[in-house]
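Given next are the chains, with one letter for each unit.
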Amino acid sequence: MKNSKFAYSMMAVVLGTALMSGSALAATTTTDSAGAKIDSSMKKVDNYMGDSAITAKVKSALVDDKAIKSNDISVTTNSGVVTLSGFVGSQAEAEQAVAVATKVEGVKSVSDKLHTKDSKDQSVKGYAGDSATTASVKAKLLADDIVPSRNVKVETTDGVVQLSGNVKDQAQSDRAESVAKTVDGVKSVKNDLKVAP
């Protein structure tokens, strides 16, 4: 009888020790997990603050540059990647805006989503050339087996082709861009296609 009481007492001590160790381990794990969450939150805040500062610096640099006349440029930054969107007066102005943004400290890369405003004094010849370029790009996309041409919108301004709409995957987006670049009269291609499976 004494042996069984002793055995039960020892088992109770061992179980109690195991439970206490488990509680301590759980507390440590919870503390580590909370610490990791705080670290992650701090990184997000730092990223946000860094991105906000970069956005402010880019906006300031764009305002200070005399070659950029447009007040219609929006700037957003995500993890150091700056996106410029809105309207500019010419392709040269868009290229200047990208060059200015690229030089700002902290900018990893610049995504150019700028569009050229229709110029009132755009020549009939230029308009006809852009229309012919648009028609040629659409025809090449229609003949291509990879690109769903009915989902791709094509616009051309001063030889710059803008592709917009939805495609199923990145391969279709890349293919549409490469097809457009092969057309005579195309100076550059802005690929605004969205991948929407």
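Residues numbered from 1 in each chain as written. Predicted model: local features only at pLDDT ≥ 70, side-chain atom pairs only at ≥ 80, totals over all residues. Heavy atoms only, no water.

If you look the chain up in an unreviewed UniProt entry, it shows as Molecular chaperone OsmY from Rahnella perminowiae.

K.L.:
I would appreciate a short explanation of the sheet that holds strand β1 (residues 73-78) in the present structure.
P.N.:
Within a beta sheet, neighbouring strands are joined by backbone hydrogen bonds and run either parallel or antiparallel to one another. Reading across from one edge, β1-β2-β3 is the order of the three strands in this open sheet, with mixed pairing throughout. Each edge of the open sheet carries a strand with a single partner, namely β1 and β3 (109-116). In this sheet, adjacent strand axes meet at a mean angle of 10 degrees when their direction is disregarded. Here helix α2 (residues 91-103) sits on the sheet in contact with β1, β2 (81-88) and β3, set at roughly 160 degrees to β3. (Pairing = 2+ DSSP bridges. Helix = DSSP H or I, 4+ residues; strand = E, 2+ residues; numbered from the N terminus. Axes fitted to C-alpha atoms, helices over the stretch in contact; angles between N-to-C directions. Contact = heavy atoms within 4.5 Å.)

K.L.:
Please explain the nonpolar core as it appears in this structure.
P.N.:
Side chains of a nonpolar character, in soluble globular proteins, are inclined to be buried together. Counting 17 residues, the largest nonpolar core has Val-58, Leu-62, Ile-73 and Leu-84 as its most contacted members. Elements that contribute at least two residues to this core include exactly α1 (2-64), β1, β2 and α2. It is α2 that contributes the most residues to this core, five residues altogether. When sequence neighbours within four positions are dropped, the list of residues in contact with Leu-62 reads Ile-68, Ile-73, Val-75, Leu-84, Ala-97 and Val-100. (Core = buried A, V, L, I, M, F, W, Y, C linked by side-chain atoms within 4.5 Å. Buried < 20%, exposed > 50% of the residue type's maximum accessible area, 1.4 Å probe, protein only.)

K.L.:
I tried to follow the sheet that holds strand β5 (residues 160-167) on my own but got confused; where do I start?
P.N.:
Spatially, three strands are ordered β4-β5-β6 in an open sheet, and the strand pairing comes out mixed. Whereas interior strands pair on both sides, the edge strands pair on one side only; in this sheet they are β4 (152-157) and β6 (188-195). Pairwise comparison of adjacent strand axes, ignoring direction, gives a mean angle of 10 degrees for this sheet. Direction of pairing for β5 relative to β6: parallel, over a ladder of eight bridges. Bridging from a neighbouring strand, Asn-166 pairs with Lys-194 of β6. Packing of helix α4 (residues 170-181) onto the sheet brings it into contact with β5 and β6, and relative to β6 it is tilted by some 160 degrees.

K.L.:
Can you help me understand the side chain of Asp-130 in this one?
P.N.:
Note that Asp-130 resides in helix α3 (residues 124-143). Put simply, Asp-130 is tucked away with no salt bridge, and the nearest opposite charge, on Lys-187, sits 7.0 Å away. Side-chain polar atoms of Asp-130 contact the backbone nitrogen of Asp-158, separated by 2.8 Å. (Lys, Arg positive; Asp, Glu negative; His and termini not counted. Salt bridge = Lys/Arg side-chain N within 4 Å of Asp/Glu carboxyl O. Polar contact = N/O pair within 3.5 Å; in protein donor to acceptor, adjacent residues only side chain to side chain.)

K.L.:
Honestly, the layout of surface pockets in this entry has me stumped. Any pointers?
P.N.:
One simple way to see leftover space: roll a probe sized like a water molecule over the atoms. In this structure, the second largest pocket occupies an estimated 160 Å³ of space. Those elements that place two or more of their residues in the lining of the second largest pocket are α2, β3 and β6. Sort the elements by how many residues they give to the lining of the second largest pocket and β6 lands first, with five residues. The residue makeup of the lining of the second largest pocket, split by class, is one nonpolar, four polar and six charged. (1 Å grid on protein atoms, 1.4 Å probe; cavity = no way out; pocket = protein on both sides within 12 Å on 5 of 7 lines; lining within 4 Å. Points joined across faces, edges and corners; volume = space filled by probe spheres on them. Nonpolar A, V, L, I, M, F, W, Y, C, P; charged D, E, K, R; others polar.)

K.L.:
Please explain the pairing of β2 as it appears in this structure.
P.N.:
Only one face of β2 is covered, namely the face carrying Val-82, Leu-84, Gly-86 and Val-88; the face carrying Val-81, Thr-83, Ser-85 and Phe-87 is uncovered. Bridge count between β1 and β2: six bridges; the pairing is antiparallel. Looking at β2, one finds that Thr-76 is bridged to Thr-83. Remark: two residues form the turn of the hairpin made by β1 and β2, two consecutive strands paired antiparallel; Ser-79 in that turn has positive phi of roughly 55 degrees. Examined bridge by bridge, β2 and β3 share eight bridges and lie parallel to one another. If you follow Val-82 over to β3, its bridge partner there is Val-110. The handedness of the β2 to β3 crossover, carried by α2, is right-handed. (Right-handed = clockwise from strand over helix to strand, strands pointing away.)

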